[in-house]
Amino acid sequence: MKPRADVFHGPAPAPAELRLATWLWLGSIAVGAVLVVASLFSVDETARMAVRTELAGQPALDGVPLDTLVRLVTVVGAVLSLLWSAAKVGLVLVMRSGRGWARTVLTVVGAVEVVLTVAVLGDTTVPDAVARLVGAALVLAAGVAMFTGDANPYLAPRRTRNRPGGGRR
């Protein structure tokens, strides 16, 4: 592995393991984005029942048609999901640039996503379940790649000479 970047020599390329992890994460994020977009076009009776149950007894919403409320909830959920996806893309790029803390955050995020995927599999359609499992498999593979080979030394904390006591960055 080449030495890490420093001020005088420019950025060092990320090791192959982190480049692979980057593509795996981006693939997982793309699968999630496809699921979000698909949800915009496939509001089913289950979603209508969930909205009806949650909003029962809300006098301010009595005159609003149920389909309008379902569409609103779906769109707001899709926007939040896409914002979350953008944040994950940012974390992936920060990790690839050599910041170990981003790998730690992605590890926690990935673990939570895999657990939630397994938890909701029984409540989804077969195509949705397959897509979610593919996304979870990509996250697991990315998690392995983030901790193998030259990824560990590349993401190790750096010591600097210009800080008192060689402080951490």
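See above for the structure.
Residues numbered from 1 in each chain as written. Predicted model: local features only at pLDDT ≥ 70, side-chain atom pairs only at ≥ 80, totals over all residues. Heavy atoms only, no water.

**A short note on the overall build of the protein chain**
Under the convention used in this document: Secondary structure elements are defined from DSSP: runs of H or I of at least 4 residues count as helices, runs of E of at least 2 residues count as strands, and each element is numbered from the N terminus. Here the term buried applies to any residue with accessible area under 20% of the maximum for its type, exposed to any over 50%, and partly exposed to those in between, with areas from a 1.4 Å probe on protein chains only. In what follows, residue pairs with any heavy atoms lying within 4.5 Å of each other are defined as contacts. We get accessible surface area from the Shrake-Rupley algorithm with a probe of 1.4 Å; when it comes to residues, only the shown protein chains can shield them.
Within the protein chain, the regular secondary structure consists of six helices and zero strands. What you see in the protein chain, going N to C, is helices and strands ordered as α-α-α-α-α-α. Counting only residues that meet the buried cut, the protein chain has 30% of its 169 residues in that class. Taking all contacts inside the protein chain whose residues are at least 6 apart in sequence as the whole, residues at least 24 apart take part in 66%. Within the structure as shown, the protein chain displays about 10600 Å² of accessible surface, and the carbon and sulfur contribution to it stands at 69%.

**Some details on the environment of proline 15**
Within the fold, proline 15 resides in the segment before helix 1 (16–41). Proline 15 gets classed as buried once you look at its relative accessible area, which sits at 8%. The contact partners of proline 15, leaving out residues within four places of it in the chain, are Asp150, Ala151 and Tyr154.

**Some details on a nonpolar patch on the surface**
Rules: Each patch is built from salt-bridge-free residues with over 30% relative accessible area, joining like charges within 9 Å and nonpolar side chains (Val, Leu, Ile, Met, Phe, Trp, Tyr) within 5 Å. Think of a salt bridge as a Lys or Arg side-chain nitrogen and an Asp or Glu carboxyl oxygen that are within 4 Å of each other.
Taken together, the side chains of Leu72, Val75, Val76, Val79, Leu80 and Leu83 make up a nonpolar region of the molecular surface, amounting to roughly 530 Å² of accessible area. By the secondary structure assignment, leucine 80 is in helix 3 (residues 66–96).

**Some thoughts on the side chain of serine 28**
Checked against the element boundaries, serine 28 lands in helix 1. On the accessibility criterion, serine 28 (6% relative accessible area) is buried. What serine 28 contacts, discounting residues up to four positions off in sequence, is Gly135, Leu138 and Val139.

**Some thoughts on the nonpolar core**
Rules: For our purposes a nonpolar core is just a set of buried Ala, Val, Leu, Ile, Met, Phe, Trp, Tyr and Cys residues, chained together by side-chain atoms within 4.5 Å.
In terms of nonpolar packing, the biggest core is built from 20 residues, with Leu18, Trp25, Met95, Leu106 and Met146 touching the most fellow members. Mapped onto this core, the elements with two or more residues apiece are helix 1, helix 3, helix 4 (100–120), helix 5 (126–146) and helix 6 (151–155).

**A word on helix 3**
Worth spelling out the cut-off: By this rule, a helix spans an expected 1.5 Å times one less than how many residues it contains.
The terminal C-alpha atoms of helix 3 lie 45 Å apart, and with 31 residues this matches the ideal 45 Å at 1.5 Å per residue to within 8%. The first or second residue beyond helix 3 is glycine 98, which carries a positive phi of 115°.

**Quick notes on the packing of helix 3 against helix 4**
Relative orientation and spacing of two packed helices are given, respectively, by the angle between their axes and the distance between those axes. In plain terms, the rule: What counts as an axis is a line fitted to C-alpha atoms, over the stretch in contact for a helix, and the angles between N-to-C directions run from 0 to 180 degrees. Every angle not falling under 35 degrees, over 145, or within 65 to 115 is termed oblique; those three ranges are roughly parallel, roughly antiparallel and roughly perpendicular. For any helix crossing, the convention is left-handed if the near helix is rotated counterclockwise from the far helix by under a right angle, and right-handed if that rotation is clockwise.
One way to put it is that helix 3 packs onto helix 4 with a least axis distance of 8 Å and a crossing angle of 140°. Taken together, the axis directions place helix 3 and helix 4 in an arrangement best described as oblique. Of the two elements, helix 3 crosses helix 4, and the hand of that crossing is left-handed. Where helix 3 approaches helix 4, its residues Trp84, Lys88, Leu91, Val92, Val94 and Met95 are matched on the opposing element by Trp101, Ala102, Arg103, Val105, Leu106, Val109 and Glu113.

**As for the pattern of salt bridges**
For the structure shown, the criterion picks out two salt bridges. The salt bridge involving glutamate 113 is made with lysine 88; its shortest N-O contact spans 2.6 Å. Within this pair, whereas glutamate 113 is found in helix 4, its partner lysine 88 is found in helix 3, the two being separated by 25 residues in sequence. Like lysine 88, glutamate 113 is buried. Two residues, aspartate 128 and arginine 132, come together in a salt bridge whose shortest N-O distance is 2.9 Å. With a gap of four residues between them, aspartate 128 and arginine 132 both fall in helix 5, about one helical turn apart. Residue classification places arginine 132 among the partly exposed positions, given a relative accessible area of 30%.

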